[in-house]
Amino acid sequence: MSEKNPIVGLCQKASLLISAAQVDQCPPDEGLEVAFAGRSNAGKSSALNTLTHANLARTSKTPGRTQLLNFFALDDSRRLVDLPGYGYAKVPIPLKQHWQRHLEAYLSSRASLAGVFLMMDIRHPLTDFDRLMLDWAQASQLPIHVLMTKADKLAFGAAKNALLKVRREVQQGWGDVATLQLFSAPKRQGVDEAQMVLAQWLGLLDEEQEAFEEA
Ligand code: GDP
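Heads up: these notes are all about the structure in this document.

Cut-offs applied
- Residues numbered from 1 in each chain as written.
- Predicted model: local features only at pLDDT ≥ 70, side-chain atom pairs only at ≥ 80, totals over all residues.
- Heavy atoms only, no water.
- Axes fitted to C-alpha atoms, helices over the stretch in contact; angles between N-to-C directions.
- Helix = DSSP H or I, 4+ residues; strand = E, 2+ residues; numbered from the N terminus.
- Left-handed = near helix turned anticlockwise from the far one by under 90°.
- Contact = heavy atoms within 4.5 Å.
- Nonpolar A, V, L, I, M, F, W, Y, C, P; charged D, E, K, R; others polar.
- Pairing = 2+ DSSP bridges.
- Expected span 1.5 Å × (residues − 1).
- Buried < 20%, exposed > 50% of the residue type's maximum accessible area, 1.4 Å probe, protein only.
- Arc of directions from axis to C-beta.
- Phe/Tyr/Trp six-rings, centres within 6.5 Å; stacked < 30°, edge-to-face > 60°.
- Parallel < 35°, antiparallel > 145°, perpendicular 65-115°, else oblique.

**Points about the packing of helix α4 (residues 93-109) against helix α5 (residues 128-140)**
Argument step 1. Look at α4 against α5: their axes get within 9 Å of each other, and the N-to-C directions meet at 35 degrees. For the pair α4 and α5, the sense of crossing is right-handed. Across the interface between the two elements, Gln100, Leu103, Glu104, Leu107 and Ser108 of α4 pack against Leu132, Met133, Trp136 and Ser140 of α5.
Argument step 2. In terms of residue class, the contact of α4 with α5 is built from 5 nonpolar, 3 polar and 1 charged.

**Concerning unusual backbone geometry**
Argument step 1. Even without a glycine there, the phi angle at His53 is positive, about 55 degrees.
Argument step 2. Here His53 is to be found in the loop between α2 (44-52) and α3 (56-61).
Argument step 3. A positive phi angle, near 60 degrees, is found at Lys150, a position not held by glycine.
Argument step 4. One can find Lys150 in the loop between β6 (144-149) and α6 (156-174).

**Looking at the sheet that holds β6**
Argument step 1. The strand order across the open sheet built from 7 strands is β1-β3-β4-β2-β5-β6-β7, with neighbouring strands paired in mixed fashion. Edge positions in the sheet fall to β1 (15-20) and β7 (178-182), since each of these pairs with one other strand and no more. With direction set aside, neighbouring strand axes in the sheet form an average angle of 20 degrees.
Argument step 2. Here 5 bridges tie β6 to β7, and the two strands are oriented parallel to one another. In the sheet register, Leu147 faces β7, and the bridge partner there is Gln181.

**Examining α6**
Argument step 1. For α6, spanning 19 residues, the distance from its first C-alpha to its last is 26 Å, which sits close to the expected 27 Å at 1.5 Å a residue.
Argument step 2. Within the span of α6, buried status applies to Ala159, Ala162, Leu163, Val166, Val170 and Trp174. One side of α6 carries all its buried residues, which in axial view fall inside an arc of 100 degrees. Relative to its buried face, α6 has exposed residues pointing more than 90 degrees away, namely Asn161, Lys165, Arg168 and Gln172.
Argument step 3. Where α6 is buried, its residues touch β5 (113-121), α5, β6 and β7.
Argument step 4. Looking one or two places after α6, you find Gly175, whose phi comes out positive at around 65 degrees.

**Some details on the environment of Glu169**
Argument step 1. Mapped onto the elements of the fold, Glu169 is located in helix α6.
Argument step 2. Excluding its chain neighbours within four sequence positions, the residues that come into contact with Glu169 are Leu126, Arg131 and Trp174.

**Focus on the packing of aromatic side chains**
Argument step 1. According to the stated counting rule, one finds 3 aromatic pairs in the structure shown.
Argument step 2. With a centroid separation of 5.0 Å and an interplanar angle of 20 degrees, the aromatic rings of Phe36 and Phe117 are classed as stacked. Taken together, the residues Phe36 in strand β2 (residues 32-38) and Phe117 in strand β5 connect sequence positions 81 residues apart.
Argument step 3. Using a relative accessible area of 0% as the deciding quantity, one classes Phe117 as buried.
Argument step 4. One aromatic cluster is present, formed by Phe36, Phe117 and Trp201 through successive ring pairs.

**Looking at the packing of α5 against α6**
Helix packing geometry: the angle between the two helix axes and the distance between the axes.
Argument step 1. Two elements in contact, α5 and α6, have axes whose closest approach is 11 Å; the angle formed by their N-to-C orientations is 45 degrees. When the axis of α5 is compared with that of α6, the two are oblique. For the element pair α5 and α6, the recorded crossing hand is right-handed. Judged by residue contacts, Arg131, Leu134, Asp135 and Gln138 of α5 engage Glu169, Val170, Gly173 and Trp174 from α6.
Argument step 2. Per-class residue counts for the contact of α5 with α6 are 3 nonpolar, 2 polar and 3 charged.

Interpretation in functional terms is not warranted from these geometric data alone.
Structural data, given as structure tokens:
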């Protein structure tokens, strides 16, 4: 997508709506939202910033904002949601359990949630966190789009092979719930493809354009 990219225009106006520590603090369940998830250090902040051309993720990393869900308003009816990158040893176990409970409740009950972007480091895919996210998504029939991040760390052929291998495993374990692609923030690899998914989930592609994409 180019300058006409509807995502970038919208995201530049994004503002933090609320940091929720539990599900009952979420904004009203109306309109459409897309959530971003990933084990800590998977490259979630870099991907979020690259896709939106905004520095949303910095807000989420600010001490005191490392809550369960950070909601960013794009307009009156669309939101992005940054989920915590839990799964890292630094988080105390009771907090992990709290997150797990509320994250599962959020993913299974949120009607406005159109899909989840899941960031996986291409060199360490399908962590326990990733498998849990895929389980929850499958249980709720929620689409997941996997960005295999840091693709620039591998040679082109090796990155392609890694993608095929993970795609096969995901299809075997979780059926058709997930789509996958390669992504690199510094090389801006896979940005158009990912933005297209985001735009589609947020209802930003008109029918004509969707028909064109499918043709
Ligand atoms: P988060 O904890 O999942 O939000 O991860 P960050 O986005 O903060 O990234 C963790 C580290 O990986 C940082 O040092 C980033 O610079 C680096 N990183 C993130 N994405 C990429 C990428 O696509 N390629 C490379 N080479 N490094 C990346």
